[in-house]
Every structure is written in structure tokens, then in C-alpha cells.
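# Per-entry structural report
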Amino acid sequence: MDFNKIKEMGLEYAEKGKNAALDLAEKGKTQALIVSEQGKLLKAQRQLGALVYSLAKGKEENQPLVDKYIEMIDSIEQEIARLKASLTPAEAAEVDYVVHEDVPAEEPEAPAAEAHKSCPQCGAPVSDDALFCNKCGAQL
Ligand SMILES: [Zn+2]
């Protein structure tokens, strides 16, 4: 093996190393994005659960609002699936692990003091975490 060949190989490896580092940064970004999408998903699911519960309790129906939450959950799930598709199964599993580590099981909620905000559209009181106004359905 002559010297030039060795130099060539060295350059090739250096180039590969650079690409691997770039890949890693990209993957980290994707994983961080998935974690943040998972957080949004959890929040939307929790809100939908709370909405369905309060509707059922009051024997009310608000299908358009329920549909809005379902639509939002669907689109977040699709985004997560799209992002996960660009990762290897091991990397995707890593993300799931991070998500389970980071999300507190159930934060205690102040029962009576739920309405801190009001809807910019109709002025109805809305809970801090609500994604849509319960009265007019405006996105918050
Ligand atoms: Zn409203």
C-alpha cells in the first residue's frame, strides 16, 4: 500500500466521520421534535378526556368540538409517525424511553380554579390547558 493510498483512505474516513456527526445532530433534532410532539399529544388526549367526561356528566353533546380534538390528535400522531419513520427502531425506542421518563404520571389539578383564561372569540371562561373553546370551538 503506498502512501497516497493511505492518505486517500484517511481523507475518506475523515469525511465519513463528519457525515456521521451531522447525522447524529439531525437524529437528535428529530428525537427532540418527537418528544415535544408526544407532549402535545398527551396534552390533547388529556383535554379530550376531560371534555368527554364533562359532557357525559352534564349529559351534553358537542360532537364538533370532540371532532376538533380527534382531528388534532390524528395530525399529531401522523407527525410523530412521520418523524419516527426517519429513525431506526432503536432510536425510536430511545425516544419512547425519554418520553416516559419526562412526563409526570398525573399532575394534580386544582379542581375549582380551572378557568383562568377566557376565549378571545366569545369571552367564555376556558381552562389553561384547553386547546379549543368549549363554547364556540375557537382554537386557543
Ligand atoms: Zn369561545
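For the structure, see preceding data.
Below is a summary of the structure that appears in this document. It should be emphasised that the depicted structure is a prediction, and the values quoted were computed from it without experimental measurement.

Notably, Lys59 is not glycine yet its phi reads approximately 50°, a positive angle. Among the secondary structure elements, Lys59 is positioned in the loop between helix H1 (3-57) and helix H2 (63-85). Under the relative-accessibility criterion, Lys59 is labelled exposed at 78%.

This next bit is on H2. For an α-helix the count is 3.6 residues per turn, leaving residues at separations of three or four pointing the same way. In a regular helix each residue adds 1.5 Å, so 23 residues correspond to 33 Å; H2 covers 32 Å between its end C-alpha atoms and thus fits that length. All of the buried residues along H2 are Leu65, Val66, Tyr69, Met72, Ile73, Ile76, Ile80 and Leu83.

On to the coordination of the zinc ion. Summarising the metal site, the zinc ion is bound by the protein donors Cys119 (SG), Cys122 (SG), Cys133 (SG) and Cys136 (SG), whose distances to it range over 2.3 Å. Of note is the zinc ion, whose 4 donor atoms meet at the metal with angles of 106 to 114° in an arrangement that counts as tetrahedral. Every donor residue of the zinc ion comes from the same chain, spaced as C-x2-C-x10-C-x2-C. Owing to a relative accessible area of 3%, Cys119 belongs among the buried residues under this scheme.

Quick look at the nonpolar core now. Membership of the largest hydrophobic core comes to 19 residues, with the highest contact counts inside it found for Ile34, Leu51, Tyr69, Ile76, Leu131 and Phe132. Those elements giving two or more residues to this core turn out to be H1 and H2. Sort the elements by how many residues they give to this core and H2 lands first, with 8 residues. Apart from the residues within four sequence positions on either side, Ile76 is in contact with Glu37, Lys40, Leu41 and Ala44. Within the second largest apolar cluster, 5 residues are counted, among which are Cys119, Ala124, Val126 and Cys133.

Here we come to the packing of aromatic side chains. Under the definition given, this model contains 1 aromatic pair. Measuring from centroid to centroid gives 4.9 Å for Tyr69 and Phe132, while their planes differ by 90°, and the two rings are edge-to-face. Of this pair, Tyr69 sits in helix H2 while Phe132 sits in the segment after strand E2 (125-127); the two residues are 63 residues apart in sequence, bridging distant segments of the chain. Taking relative accessible area as the criterion, Tyr69 reaches 1% and is therefore assigned buried. The class of Phe132 is buried, set by a relative accessible area of 4%.

So, how was this worked out
- Residues numbered from 1 in each chain as written.
- Predicted model: local features only at pLDDT ≥ 70, side-chain atom pairs only at ≥ 80, totals over all residues.
- Heavy atoms only, no water.
- Helix = DSSP H or I, 4+ residues; strand = E, 2+ residues; numbered from the N terminus.
- Buried < 20%, exposed > 50% of the residue type's maximum accessible area, 1.4 Å probe, protein only.
- Expected span 1.5 Å × (residues − 1).
- Donors = N, O, S within 2.8 Å, 3.2 Å for Na, K, Ca; no water.
- Tetrahedral: all angles 85-135°; square planar, octahedral: opposite > 155°, others 65-115°.
- Core = buried A, V, L, I, M, F, W, Y, C linked by side-chain atoms within 4.5 Å.
- Contact = heavy atoms within 4.5 Å.
- Phe/Tyr/Trp six-rings, centres within 6.5 Å; stacked < 30°, edge-to-face > 60°.

By themselves these figures say nothing about function.
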